[in-house]
Amino acid sequence: MSLGEPLERVDGRDKVTGRARYTTEHALPNVAHAALVTSTIAKGRVAAIDTAAGERVRGVLAVMTHTNAPRLPATTGSGPSDRVLHLLQDDVVRCANQPIAVVVAETLEAAHEAAGLVRVRYATEPHDVRLEPRLAEATTPKHAGRPDQPAAHAHGDVERALAEAEVKIEQVYRTPFETHVPMEPHATIAAWDGPARLTLYDATQGIFGCRKRVAGLLGLKPDDVRVVSEYLGGGFGSKGPTWSHVVLAAMAARRVSRPVKLALRRPQTFGPVGFRSRTHQAIALGARRDGTLTAIRHDTIAQTSSFDEFMEPASVASRMLYASPSIATSHKLVRSDIGTPSYMRAPGWAPGTYALEVALDELAVALDMDPLALRLKNYAERDPEKDRPWSSKALRECYRAGAARFDWSQRPRAPRALREGTTLIGWGMATSVYPTHRSKAGARARLQRDGTVLVESGTQDLGTGTYTVMTQVAADALGVSPAQIVFRLGDTSFPETPVSGGSQTAASVGSAVHAAATALRDKLAALTGGRSEPLQSIAARHGEVEATAEAKPDDADKEYGMYAFGAQFAEVRVDAALGQMRVSRLVGVFDIGRALNARTARSQLIGGMVWGLGMALHENTVMDERLGRIVNNNLAEYHVPVNADVPAIEVAWLEGADPHANPLGVKGIGEIGITGTAAAVANAVYHATGRRVRDLPITLDRLL
Ligand code: MOS
């Protein structure tokens, strides 16, 4: 089965039979279990911590607190994803749910029982976890979420264009504190081999980043740290950076001279391992009567912690999505007594496309113009941010194909025009967009004696299908069946690869696997004098043959604007009396370059759209502002879509490789699905009800 075809997951059988080992399932002899004690206040000091009762629990091996934890040789890191961690180095409490003690015991039950018996007396200080009352204090961050995205960017004279605009809208859009809640919580097993060699089984999206970070903090050589991540039950960005519990597990293992397993309990994944910050997005759009945009202004204010900086870059989509003679965007941060926010699926682009695409809908209403016609009127033929051509852009075709599938041409212009009995029906649409990223990656391919080819590359599989698509890429390059490929990943003893984030794995690791498999094919061709011959007979004659390759991005990202695009259409049904809402149809058509596997690509896009639906209607991490703590820190009260919320989602993509982005012509599919969805749903709610809700999530109380 060749590249692009819907090969079933090569790891599917192992997953359903339980043979696939997720982090905590690695069975190490003599493993001890750790539990975290986390702070119940948002700001202050640990005045006293009494561990005696915990230590008396049978089976408890150690209780580590700031009073007895080893001093680390380093506490900070220099990488862009190196978060400031809480490693029991002092008595300061900087946010709720901060680790303040680690209990290690013979059993998980003993560890948790003892953790519950640790008594903490706090010296509390006043905290502030709010964003809205403190907008005036916002300051400009170092960058907008990534070092290559400046905090502010502008061209043309936006203020003048807005003043002179024939039609103008100006509104504020707000998105809430959102938490990743991957099915598999964060977890680490740390095992020392002597004082200076460490193995970590870690639920991480970036084994090499984890190795570097942990080695730096513990004063080890990176080569003496091995990190393994064979299977992940989701991550969505939360497992990208290395968080405190990983290092604490290693410290605890050293303390008890045994391997230590530490899994966060679900409430401990709310706050200390990243989340999506609230955003306050002010947007102004100016246009001529015919719908031609003359001004786009998009200013985002988000939250970060008091001790670290992360900017949710929600204004970046406005820099490049539509042609306009003037565009000005900015980002600012308010420091709060909360954990540090971080990357969450389509960082910036998810909340940013929500606000921008609802603003476009509002402008269409002000112009009495079809919302899709307004997008086409302002279609950017070149990248407006950097004034350069696109590597490829088939967004117009996405609009057309999506509109045709959805029957958009039948949409009445006015809101509240579609109904069935007491049910109001609304149709909305929005644009999807996410940048194409690529980083340096390595891979090796070895013909084995049994005639199979073992392909190894560091990387990680979040559940997205990396095992499967890399098997296909290797098979395709070698001209053999996927059944002849054994692909392994998730081990720092394999060639180095980047974090599985930014939708870059197919582009980065795929290019490396393609290069390694092609190099092996060339070697084999030299051995056979170019004659076609079964791998088994080559192996029988020559034994093992190996090729290694590293694939580096070229300068295409400087010459071209490289983005995946899409168009999403939503239908909602709203009970006119009760405000109850259901999304009844979602259609997404995407320009993603080449799809490596139709089955896993479809799943990725659907997964993103389901999350976008949840962003529109459900997700909200609720803070008790008086306590500075998260109230709904569990899957019962943190609402995400369930089957009853999700309609049959129709997904399609346009065939065609991007000619510039990378050798495989892929544009990335992990994140684009969530962009635009919330706006399409919100615009449909407006069309159904005539009520414009600008703050997410749209709950029924806001419609009554
Ligand atoms: Mo993604 S938020 O870049 O893992």
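Residues numbered from 1 in each chain as written. Predicted model: local features only at pLDDT ≥ 70, side-chain atom pairs only at ≥ 80, totals over all residues. Heavy atoms only, no water.

The next subject is the overall build of the protein. Within the protein, the secondary structure is distributed over 16 helices and 26 strands. Projected onto its principal axes, the C-alpha positions of the protein cover 75 × 75 × 50 Å. Within the protein, buried positions represent 62% of all 704 residues. At a minimum sequence separation of 6, the contacts of the protein that also span at least 24 residues come to 82%. For the protein, the exposed area adds up to about 26,100 Å²; of that, 49% sits on carbon and sulfur atoms. A distance of 2 Å separates the average location of the 81 positive side-chain charges in the protein from that of its 77 negative side-chain charges. (Helix = DSSP H or I, 4+ residues; strand = E, 2+ residues; numbered from the N terminus. Buried < 20%, exposed > 50% of the residue type's maximum accessible area, 1.4 Å probe, protein only. Contact = heavy atoms within 4.5 Å. Areas by Shrake-Rupley, 256 points an atom, 1.4 Å probe, with all protein chains shown as cover. Lys, Arg positive; Asp, Glu negative; His and termini not counted. Charge placed at Lys NZ, Arg CZ, Asp CG, Glu CD.)

Side chains of a nonpolar character, in soluble globular proteins, are inclined to be buried together. Leu-285, Trp-349, Tyr-354, Leu-363, Phe-569, Val-681 and Ile-698 are the most contacted members of the largest nonpolar core, which totals 91 residues. Here this core gets 11 residues from one element, more than from any other, and that element is helix α8 (residues 349-367). For Val-681, the contacting residues outside a window of four places in its chain are Ala-570, Val-572, Val-583, Leu-586, Ala-616 and Leu-617. Counting 40 residues, the second largest nonpolar core, distinct from the first, contains Ala-62, Cys-210, Ala-215 and Leu-218. (Core = buried A, V, L, I, M, F, W, Y, C linked by side-chain atoms within 4.5 Å.)

The subject of this paragraph is the sheet that holds strand β13 (residues 279-287). Spatial ordering of the open sheet is given by β7-β15-β14-β13-β8, a layout of 5 strands whose pairing is mixed. Looking at strand neighbours, the two that pair on one side only are β7 (153-155) and β8 (167-175), the edges of this open sheet. Averaged over neighbouring strand pairs, the angle between their axes works out to 15° when direction is ignored. With 10 bridges connecting them, strand β14 (residues 293-305) and strand β15 (residues 327-336) associate as parallel partners. From the neighbouring strand, Asp-299 faces β15, where its bridge partner is Ser-330. Here α8 sits on the sheet in contact with β8, β13 and β14, set at roughly 150° to β8. (Pairing = 2+ DSSP bridges. Axes fitted to C-alpha atoms, helices over the stretch in contact; angles between N-to-C directions.)

What the domain assignment reports for the protein is domain 1 (32-125 + 183-234 + 239-269), domain 2 (134-178 + 275-436 + 559-702) and domain 3 (439-552). Computed over C-alpha atoms, the centres of domain 1 and domain 2 are 37 Å apart. The interface is formed by 16 residues belonging to domain 1 together with 18 residues belonging to domain 2. Between domain 1 and domain 2, roughly 1,400 Å² of surface is buried when both sides are summed, and carbon and sulfur atoms account for 60% of that area. Broken down residue by residue, the surface that domain 1 buries against domain 2 is led by Arg-83, Val-84 and Arg-94, which jointly contribute 32%. Scanning the region where domain 1 abuts domain 2 turns up 0 salt bridges. The interface formed by domain 1 and domain 2 includes 3 residue pairs in polar contact (both at pLDDT 80 or more). Looking at the side of domain 1 that touches domain 2 residue by residue, the class counts come to 8 nonpolar, 3 polar and 5 charged. (Domains from an automatic or database assignment. Buried area = accessible area lost by both parts, 1.4 Å probe. Salt bridge = Lys/Arg side-chain N within 4 Å of Asp/Glu carboxyl O. Polar contact = N/O pair within 3.5 Å; in protein donor to acceptor, adjacent residues only side chain to side chain. Nonpolar A, V, L, I, M, F, W, Y, C, P; charged D, E, K, R; others polar.)

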